[in-house]
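# Tertiary structure, described
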Amino acid sequence: MNEPAGAVQACELRKTYGSKAGEVRALDGLSFSVATGSVFALLGPNGAGKTTTVRILTTLSRPDGGRATVAGIDVLKRPGRVRSAIGVVSQHSGAVGLLTGYENLTLQGRMYGMPRRELRSRAAELLDQFGLADAAGRQARTYSGGMRRRLDVATALVHRPAVLFLDEPTTGLDPEGRAELWEMLTGLSSGAGTTILVTTHYLDEADKFAARVAIVDRGRIVAEGTSDELKAQLRGDSVVLELAGTTEAGRAEKALAQVPQVRQTSSDGAVVRARVADGPRALPAVLAGLETAGVPVLSVTVARPSLDDVYLHHAGRSFRQAEGSAVA
Amino acid sequence: MSLTRQSWALLTGRYLRQLYRQPAVIGITLTQPVIWLLLFGALFKKVAEIPGFGGGNYITYLTPGVVIMTALFSSSWSGMSYIEDMDTGVMDRFLAAPVSRGALITASLAYQAITTLVQSAIIIAIGWGTGAGFPGGAGGIAALIGVSVLIALAMAGLSNALALVSPSRETLIGASTTLVLPLTFLSGAFLSLKIVPGWIAGIARFNPVNWAASAGRIAVGGSPAWGTVASYAGFLAIALVATALLSTRAFRASQS
């Protein structure tokens, strides 16, 4: 099981949707590789190409160009074998609402040809592990959002896949549910050695839980590494300024652009961020610049770089802005 | 290969289990044909007396028509399960598993065949209870059920293909209702083609619903012309293969 090449390898993936008139380039030469047994996050705003990537790697879609292997198997040449090696949790639930939790698990296991007896104990084990033992006999449509998501993950794991793909698994969950799910995922990779590829548009999740993060923007990987590595590359700090109102943000950015110490700016509502080499030292000049422009500041913080700054640095716009301009 | 065989049976079982969990759906699908039988039976009672109709009991004439009509109506919704599965992510879950695409199509048709078989048998029983005669006997009844399954599968293939090409409930509902009623009324399901306008009788000759209704009626009638029944059944089988191929192609096209 120890492929030196990594459990997942994507090489120059390309994919364009739509007709000539309204072409959308979803993937534009996207490449990355995931080490066996690790948790890898594809981080990017909606529309960046994360879902398309997962669909290609899970054999649900074919790329226009490029190659990919999963668990050492060529995705394009042997999709059938790839399917046996992977588990998939898609954005939509995937659970059959009219079947019970237990039935959803056994249906899945039997699709993989698992013998009934083994399947029975495996289903019980998973229901237990994911805190669904009491709800096992209830139809999945009666489950809460969090329970349903746990059932989805359990279902994807029935046949003990080598690689687990999850597309935006925490979307729609409350913070508690999100943390719970991530705990399970990290436990899986350290316990069973399952390789996990997860997509998310939550910066904090990728930061906290993924061993490695690849930032996706407009169909390409713009940065990849551990989140500490990514942040360290950015030498320098952020000055985060809270303004009185959203309308001030534009003027503030214009004023900050005149300050020599400021390398880059971005805004999100009434919050403006300025990238500087040395936060504490640049602070007086930053504030003076805003004072001159007549922009009142409510609060100011100097922060070490965040993944948001990493994204801004590589993509040239803030994460939130990219989400706003995304074409689903 | 054995995995494929298992998969379609497995997925058919899933459909049946879902149906079993929706008693309201079962109730409605069984009530509808009863309404047709009683309503049309009363409405067109005197029709059988029109010269040229052939005389006899109208319920006897009507029952095979209602069997075919109900098979057609139910199967025209077949694509709805695909749309539902696509919307809820269930389809992707199956497609990412080592289940053949053929199994997904076969399962839908197998489910349709089973439900049509049961539904047709129940309607025949109700028809018999309300006074329909079946001089053709058990063999004739089996043939009527057989052609009802054939027309249901042909319609289900079309419905599935449409659902895969245009996965919207509104489109499917619109298309089914637009197609199903004219197909039924441009056939001999309710009235003998001998007493309808010539152009309707002309169109009916090329209408698969009429093939099924005629074959079914001949089969349950006295001294059935089995050759005619067989040729109608053959045409229906061709229609079935055509729509099954259509839905297979639509399936491939939906995977891009």
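Residues numbered from 1 in each chain as written. Chains lettered and ligands numbered in written order. Predicted model: local features only at pLDDT ≥ 70, side-chain atom pairs only at ≥ 80, totals over all residues.

With that out of the way, let us pick up the overall build of chain B. Of regular secondary structure, chain B possesses 11 helices and zero strands. Helices (α) and strands (β) of chain B occur, in sequence order from the N terminus, as α-α-α-α-α-α-α-α-α-α-α. On C-alpha atoms alone, chain B measures out to a radius of gyration of 19 Å, which is about the 18 Å that the 2.2 N^0.38 rule sets for 256 residues. When each of the 256 residues of chain B is scored for burial, the buried share is 47%. The long-range fraction of contacts in chain B, counting pairs at least 24 apart against all pairs at least 6 apart in sequence, stands at 82%. (Helix = DSSP H or I, 4+ residues; strand = E, 2+ residues; numbered from the N terminus. Rg over C-alpha atoms; globule rule 2.2 N^0.38 Å. Buried ≥ 20, exposed ≤ 12 C-beta atoms within 10 Å, placed from the backbone. Contact = placed C-beta atoms within 7 Å.)

Residue and element names in this part refer to chain B. Where helix H4 (residues 79–88) contacts helix H7 (residues 137–165), the axes come no closer than 7 Å and their chain directions differ by 30 degrees. Put simply, H4 runs roughly parallel to H7. Once H4 is placed against H7, the crossing between them reads as right-handed. Between H4 and H7, the contacting residues are Gly79, Met80, Tyr82 and Ile83 on the first element and Ser159, Asn160, Leu162, Ala163 and Leu164 on the second. Among the residues forming the contact of H4 with H7, the class breakdown is six nonpolar, three polar and no charged. (Axes fitted to C-alpha atoms, helices over the stretch in contact; angles between N-to-C directions. Parallel < 35°, antiparallel > 145°, perpendicular 65-115°, else oblique. Left-handed = near helix turned anticlockwise from the far one by under 90°. Nonpolar A, V, L, I, M, F, W, Y, C, P; charged D, E, K, R; others polar.)

When its domains are assigned, chain A resolves into domain 1 (8–231) and domain 2 (235–304). Summarising the inter-unit geometry, the C-alpha centres of domain 1 of chain A and domain 2 of chain A are found 39 Å apart. (Domains from an automatic or database assignment.)

The partner chain A presents 21 residues to the 18 residues of chain B that form the contact. Counting residues per element, the ones that place at least two in the side of chain B that touches chain A are helix H1 (2–20) and helix H5 (90–95) of chain B. With six residues, H1 of chain B is the single largest residue contributor to the side of chain B that touches chain A.

All names here are of chain A. In spatial order, the strands read S12-S13-S11-S14; together these four strands make up an open sheet with antiparallel pairing. Strands with a single pairing partner mark the edges of an open sheet, and in this sheet they are strand S12 (262–268) and strand S14 (297–303). Adjacent strand axes in the sheet meet at a mean angle of 20 degrees when their direction is disregarded. Alignment of strand S11 (residues 237–243) against S14, held across six bridges, turns out to be antiparallel. Of the residues in S14, the one forming a bridge with Leu243 is Val297. The strands touched by helix H9 (residues 248–257) within the sheet are S11, S12 and strand S13 (271–276), with S12 carrying the most contacts at an inclination of about 175 degrees. (Pairing = 2+ DSSP bridges.)

So, about the environment of Ser267 of chain A. All names here are of chain A. One can find Ser267 in strand S12. Given 21 C-beta atoms within a 10 Å radius, Ser267 is considered buried. When the C-alpha positions of Ser267 and Thr246 are compared, they lie 9.1 Å apart, and in sequence the two are 21 residues distant. Discounting residues that sit within four places of it in the chain, Ser267 has contacts with Ala249, Glu253 and Val272.

Residues and elements named next belong to chain B. Between its first and last C-alpha atoms helix H2 (residues 23–43) spans 30 Å; for 21 residues at 1.5 Å apiece the expected length is 30 Å, and the two agree. Turning to H2, its buried residues are Pro33, Trp36, Leu37, Phe40 and Gly41. All buried residues of H2 fall inside an arc of 120 degrees around its axis, so they share one side. When the buried face of H2 is taken as reference, the exposed residues oriented beyond 90 degrees from it are Pro23, Ala24, Gly27, Ile28, Thr31, Ile35, Leu39, Ala42 and Leu43. (Expected span 1.5 Å × (residues − 1). Arc of directions from axis to C-beta.)

All names here are of chain B. One finds Ile151 and Leu236 to be the most contacted residues of the largest nonpolar core, which totals 155 residues. The greatest single-element share of this core, amounting to 18 residues, is contributed by H7. Not counting chain neighbours up to four residues away, the residues in contact with Leu236 comprise Val147, Leu150, Ile151, Ala154, Pro208, Trp211 and Ala212. (Core = buried A, V, L, I, M, F, W, Y, C linked by C-beta atoms within 7 Å.)

Our focus in this paragraph is the environment of Phe94 of chain B. Residues and elements named next belong to chain B. Tracing the backbone through its elements, the reader meets Phe94 in helix H5. Exposure remark for Phe94: the 23 C-beta atoms within 10 Å place this residue in the buried category. In this structure the C-alpha to C-alpha distance between Phe94 and Pro224, which are 130 residues apart in sequence, comes to 45 Å. Other than its neighbours up to four places away in sequence, Phe94 contacts Val99 and Leu104.

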